[in-house]
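# Notes for the structure review
Here is what each chain is made of, one letter per residue.
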Amino acid sequence: MIREALDNFQISPNLTENIMREISRIKTGTPSGAKPLAPWTVAASTLVVVLLMLGFGNHKYITRFQQPYSLDATSEMTVAIIDAPIVANLETEPDVRTQIGSAQVQDKQKIPEQQPNNDPAAVAESQGDEIAEDYTKWELPVGAKARLGKGGINEIAYFPDGTKLAVASTIGIWIYNAQTGEELALYTGHTGDVRSVAFSADGKTIVSGSEDSTIRLWNAHDGTHLRTLSGHTDYVYSVAFSPDGDTIVSGSDDSTIRLWDMDTGSHIRTISGQTQSVYSVTFSPDGKTIASGSRDNTIRLWHAYTGDHIRTLSGHTGGVTSVSFSPDGKTIASGSRDNTIRLWHAHTGDHIRTLLAHTGRVWFSSVSFSPDGNTIVSDSDNSTIRLWDVDTGAHIRTLSGHTGGVKSVSFSPDGTAIISGSLDNTIRLWDVDTGAHIRTLSGHTGGVDCVAFSTDGHIIASSNDDSTIRLWDVDTGGHLRTLSGHTGYVNSVAFSPNRHIIASGSEDGTIGLWNPHDGTHLRTLLGHTDWVDCVVFSPDGNTIVSASWDTTLRLWDVDTGAHIRTLSGHTDYVISVAFSRDGNTIVSASEDDTLRLWNAHTGENIRTTLSVYTDSIQSVAFSPDGHIIASGGMYTDAPLCLWNAHTGENIRILLGHTDWVNSVSFSPDGKTIASGSWDSIIHLWDVDTGTYIRTLSGHTGGVNSMSFSPDGKTIASSSRDGTVLLWELGK
């Protein structure tokens, strides 16, 4: 019942599934008398909670559940090292408020548009395998030295001649040699995930649709950005060219379909009629008809020239995520969240048959006809790809090998190969006739939740959505090793200040201790009954404090792993925790909208600060001298606050971010605060005056975590875009 209700809201498949996962964890007691109405009461109550989360409640829940990456991902995340001077954006200086109630939030700052460097593709084609690793230096933010990893995979398309692949990713469009898998180029410029990519029939132009609500046209040969098409007011999920290449169609989360002139970029018309998000759009082979698939469970057909509605194809009981015409234009295939693929007569709209063999959801689904029209390929959340006979509907074979849900699949232009992209962050090529795996393209990445410097500043640890911790050499950017063992997202990672230990906190409710030099797992700390969101070492390295969704903090002995004590008092998830420099005090931040100060030795609750926040507090940090506490939260009118650590009084509110602040960090000398937000931006502030110093822009997704290097010269930031950036602050 709840899943059906969620399908009536415009939320992504990932969000729906993660909400259902959390609901499944709700423990309900058996009411006295075991009344028959009790289960319905529980279900109704849970549904109300979900509705509050989606429409009226805490923005934190939505962003928390909307994890677009697989826990099974194994490829490497992205690190970019930046050593150029940081330029202050003083034209959009944030507001600083010394008392509550007066200033307005500034408009969201825009990341400067980057024009692609056209050299990589040409160099790659001329030098071949000799520069196989040079992609780490392509299309970097200003002053960056290297990039390791390539962002998450959203969609894959063949060039019309079959020689190359284009991959729509979280950081841009990657171009590969389809035969060798060699990286040829990276096209950047979108400021959000690239969700869809398509080619003109002559292969000269690429069109891309993005979460930044724009559509971009590119020269397919050298990556030159031709123009940007603006008009949609939400994510652009799907883009396609007309067969003659003159027109582009786009489908958006704003529930509209738009037509554009390819040569001029002008908007031709808007087609309205789908009542929810438009996930997929395509032209018929003759260019006269457009088919759209929507979250409202329908496929609609439209006159391409007039935009008039022709007919609606109904029958799916879940959102339609993919639509495709057969090469002769007589048949339409659709993939839906109801776990089925349906075939339809394109001219009459009659339902031909339903294909039912997928055992997982077909949410991301991509259904595609072979060039001869005899076979359909489909993907699924259960990590498999299936081939079907169009005439009979018979299942031909299953392609297995991915370890995460498959998001995109298509035939090569000659019909001999299939390309697939997965939540395991790999791309695989398959032989159509035998089903044999040909090769795997790796290096794509999932979200990065937390980042931390080692005490000597030479190593960075990052925690990832794929349940691992990765260690990186700061000087070279090289990947040192991966620490595996958690069975859920790794939400937090910390280095011991005086010994060779890393602590990690995970969605699986455990804390892991590791040797960073050889990757050895030392022990697991058990006791929390829900997600561990934050782990921190005491200044002497002898104690760990952990914050959990079970509303408690726990103290642990590092040497023995013994549980010392539990700190109780918060009434909602505890999200962030920090020690004072002298180790005597702990500060915790919770979704109950409060900060609490605790005696680290006795566990006594010293003070509770009823903060200015009306939504949850996401991050907290002590200044090095212990006099000031910084907190970041979801309340957009007061996202970053400074507090007197001794009295609990609010010192000032710093304005400038346009989304919730997920991370705050003091520089080692205590003079600067860095704040990272889900607006993808990092701000630097003067602690004494609250003055805005500068902005660091470059991530294409929300900033999850930040860390100053021990010498204060570098900031590491991690993001949902699958990258870690190192920002050089000066000598």
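Heads up: these notes are all about the structure in this document. (Residues numbered from 1 in each chain as written. Predicted model: local features only at pLDDT ≥ 70, side-chain atom pairs only at ≥ 80, totals over all residues. Heavy atoms only, no water.)

Summing up its helical and strand segments, the protein chain has five helices and 58 strands in all. If you take every contact in the protein chain between residues at least 6 apart in sequence, the share linking residues at least 24 apart comes to 48%. Accessible surface for the protein chain amounts to roughly 26900 Å². Of this, 48% is attributable to carbon and sulfur atoms. (Helix = DSSP H or I, 4+ residues; strand = E, 2+ residues; numbered from the N terminus. Contact = heavy atoms within 4.5 Å. Areas by Shrake-Rupley, 256 points an atom, 1.4 Å probe, with all protein chains shown as cover.)

What follows deals with the packing of aromatic side chains. Going through the model one piece at a time under the given rule, you end up with 10 aromatic pairs. The interplanar angle of 85° and the centroid separation of 6.1 Å between the aromatic rings of Y235 and Y237 together place this pair among those described as edge-to-face. Given a relative accessible area of 11%, Y237 falls into the buried group. Centre to centre, the rings of W685 and Y692 are 6.1 Å apart; their planes meet at 70°, and the pair counts as edge-to-face. Here the aromatic residues Y489, W531, W549 and Y573 are joined through ring pairs into a cluster of three or more. For the cation-ring pair, K150 lies above W174, with the distance from its terminal atom to the ring centre recorded as 5.8 Å. The aromatic ring of F159 is capped on one face by K164, whose charged end is 5.3 Å from the ring centroid. (Phe/Tyr/Trp six-rings, centres within 6.5 Å; stacked < 30°, edge-to-face > 60°. Buried < 20%, exposed > 50% of the residue type's maximum accessible area, 1.4 Å probe, protein only. Lys NZ or Arg CZ within 6 Å of the ring centre and 35° of its normal.)

It is worth spelling out the pairing of strand β17 (residues 289–294) at this point. Along β17, six of the six residues are buried, which leaves the element largely enclosed by surrounding structure. Taking every second residue as pointing to the same face, both faces of β17 are buried, with T289, A291 and G293 on one and I290, S292 and S294 on the other. With five bridges joining them, strand β16 (residues 278–283) and β17 adopt antiparallel strand pairing. Its bridge partner lying in β17, V281 is registered against S292. In this antiparallel pair of consecutive strands, β16 and β17, the connection spans five residues, and G287 shows a positive phi of 80°. Two elements, β17 and strand β18 (residues 299–303), share five bridges in a ladder whose sense is antiparallel. Bridged to A291 within β18 is L301. Once β17 ends, the chain turns through four residues before running back antiparallel as β18, passing N297 with a positive phi of about 80°. (Pairing = 2+ DSSP bridges.)

By definition, a disulfide links two cysteine residues through a covalent bond between their sulfur atoms. Going through the model one piece at a time under the given rule, you end up with zero disulfides. The cysteine C450 is free of any disulfide, with C534 supplying the nearest cysteine sulfur at 7.2 Å. (Disulfide = S-S within 2.5 Å.)

This part covers the nonpolar core. Residues Y158, L165, V167, W174, Y176, I419 and I427 are the most contacted members of the largest nonpolar core, which totals 17 residues. Elements supplying a minimum of two residues to this core: β4 (153–158), β5 (164–169), β6 (173–177), β29 (417–422) and β30 (427–431). Among the elements that take part in this core, β4 stands out by supplying three residues, more than any other. L165 has contacts with A157, Y158, F159, W174, I175, Y176, A178, I419 and L441, leaving out every residue within four places of it along the chain. Residues A166, V194, V197 and A220 belong to the second largest nonpolar core, which totals 15 residues. (Core = buried A, V, L, I, M, F, W, Y, C linked by side-chain atoms within 4.5 Å.)

Judged from the four bridges that link them, strand β26 (residues 385–389) and strand β27 (residues 395–399) form a sheet pairing that is antiparallel. Across the sheet, the residue bridging to R386 is T398, located in β27.

Here we come to the sheet that holds β18. Strands sit in the order β16-β17-β18-β19 across an open sheet of four strands; the sheet is antiparallel. Looking at strand neighbours, the two that pair on one side only are β16 and β19 (309–313), the edges of this open sheet. Neighbour to neighbour, the strand axes of the sheet diverge by 20° on average, direction disregarded. As defined by bridge partners, β18 adjoins β19 across four bridges and the pair is classed as antiparallel. Directly across from I299, in β19, lies its bridge partner L313. (Axes fitted to C-alpha atoms, helices over the stretch in contact; angles between N-to-C directions.)

The strand order across the open sheet formed by four strands is β4-β5-β6-β7, and the pairing between neighbours is antiparallel. Sheet topology places β4 and β7 (183–187) at the edges, where each strand pairs with a single neighbour. Mean inter-strand twist for the sheet, computed between neighbouring axes without regard to direction, equals 20°. In the sheet, β4 pairs with β5 via five bridges, with the strands oriented antiparallel. Bridged to E155 within β5 is A168.

Residue S213 is not a glycine yet carries a positive backbone phi of 75°. Mapped onto the elements of the fold, S213 is located in the loop between β9 (205–210) and β10 (214–219). On the basis of relative accessibility, which here comes to 17%, the residue S213 falls in the buried class. Although it is not a glycine, D593 sits at a positive phi angle of roughly 75°. Summarising the element assignment, D593 is placed in the loop between β45 (585–590) and β46 (594–599). Given the relative accessible area of 22%, D593 is considered partly exposed.

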